[in-house]
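The residues making up each chain are set out below.
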Amino acid sequence: MVSWDGHIVPFIVTVLIWFVATGLVAWADNRDARTFPKSILIGGVFGISGLFVILMASQSVSVLAVYVSFIGALMVWGWHEIGFLTGAAAGPRREPASPGLAGARRFAEAAATVIHHEVLLALTALLLISLSWNLPNQIGATVFVLMFAMRLASKINIFVGVPNSSLEMLPPHLDYLKTYFGRSRMTWLLAASILAITAIALWFGSLALQAPLGSPEMVGASLLTTLCLLGALEHIFLALPFRDGMLWGWAFRNRGARAEATASIPLNPTKFVDSND
């Protein structure tokens, strides 16, 4: 039986936080570059606070502790997103792909554009796992690991090539990343990613339906179910001609002036990628 408190409310909370948090991060990263240090500082305060929030909430099993741990994980995640999208923590390579790249060399150059961010995400995931190890509430660590895995899957898919690369979500100062995107095509990897994330969502959904009514286990499983459904939706956006940037149009109001001052980089990644890759 579907519960309002155990299923519906966690779904609404997750969707609202996802929508607002994504918009706020996009807004911060599309402002003038002079505001980036302040954004990174504020993000750092929230991120470190999120770590303490997760640590404290992990020691308690209650509906409130589940929500607090979930929000703490998103605070930490938002910190990383701001660091990446401002360019503070991306990778050592900050220029377009070399012409005619293919195979391992193309992968190496592409990896060099984001490797610092990926390493930091992996280390944070390990930190959260270690902090919550054997503690009764592990929602915070689970949320972060799930988001890391889904984001990594989306980056690999975009590198291989997807029908819709969602170019609008990248701020102008990261335009060079577009030259590493694979050519527009539907691949088995994207289809498998969507099916895998959906399967995980269904598994968490079954746990939410089987848990005691109104219990922390029900709420936690419902939060994770919704998170996976949103991850599957974001992957579906990669397969469909849908401008997901339309959902956060208010976050890009400052982009116009900055885009005019930014050197234009061709949006056709096949100019830089071997057509047989």
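Residues numbered from 1 in each chain as written. Predicted model: local features only at pLDDT ≥ 70, side-chain atom pairs only at ≥ 80, totals over all residues. Heavy atoms only, no water.

A. Expanded view of a nonpolar patch on the surface. Taken together, the side chains of Ile115, Val119, Leu120, Leu123, Leu126, Ile129, Trp133 and Val145 present a nonpolar region at the surface, about 720 Å² in accessible area. The greatest single-element share of the nonpolar patch, amounting to six residues, is contributed by helix α5 (residues 115-132). Relative to the elements of secondary structure, Val145 occurs in helix α6 (residues 139-160). (Patch = residues over 30% accessible without salt bridge, like charges linked within 9 Å, V, L, I, M, F, W, Y side chains within 5 Å. Areas by Shrake-Rupley, 256 points an atom, 1.4 Å probe, with all protein chains shown as cover. Salt bridge = Lys/Arg side-chain N within 4 Å of Asp/Glu carboxyl O. Helix = DSSP H or I, 4+ residues; strand = E, 2+ residues; numbered from the N terminus.)

B. How the structure looks around the pattern of salt bridges. The tally for this structure, following the rule as stated, stands at six salt bridges. Ionic pairing is found between Glu95 and Arg93, a salt bridge with its closest N-O pair at 3.4 Å. A relative accessible area of 16% places Arg93 in the buried class. Taking the shortest distance from any N to any O, the salt bridge between Arg93 and Glu109 comes out at 3.2 Å. (Buried < 20%, exposed > 50% of the residue type's maximum accessible area, 1.4 Å probe, protein only.)

C. Spatial organisation of helix α1 (residues 4-29). The end-to-end C-alpha separation of α1 is 36 Å, in line with the 38 Å expected for 26 residues at 1.5 Å each. Within the sequence span of α1, burial applies to Gly6, His7, Pro10, Thr14, Trp18, Gly23, Val25, Ala26, Ala28 and Asp29. Put simply, Ser3 is the residue that caps the front of α1, since its side-chain oxygen is 3.4 Å from the backbone nitrogen of Asp5. (Expected span 1.5 Å × (residues − 1). Polar contact = N/O pair within 3.5 Å; in protein donor to acceptor, adjacent residues only side chain to side chain.)

D. Quick look at the environment of Gly214. Turning to its location among the elements, Gly214 is positioned in the loop between α7 (188-210) and α8 (216-239). Put simply, Gly214 and His7 are 207 residues apart on the chain and 8.5 Å apart in space, counted from C-alpha to C-alpha.

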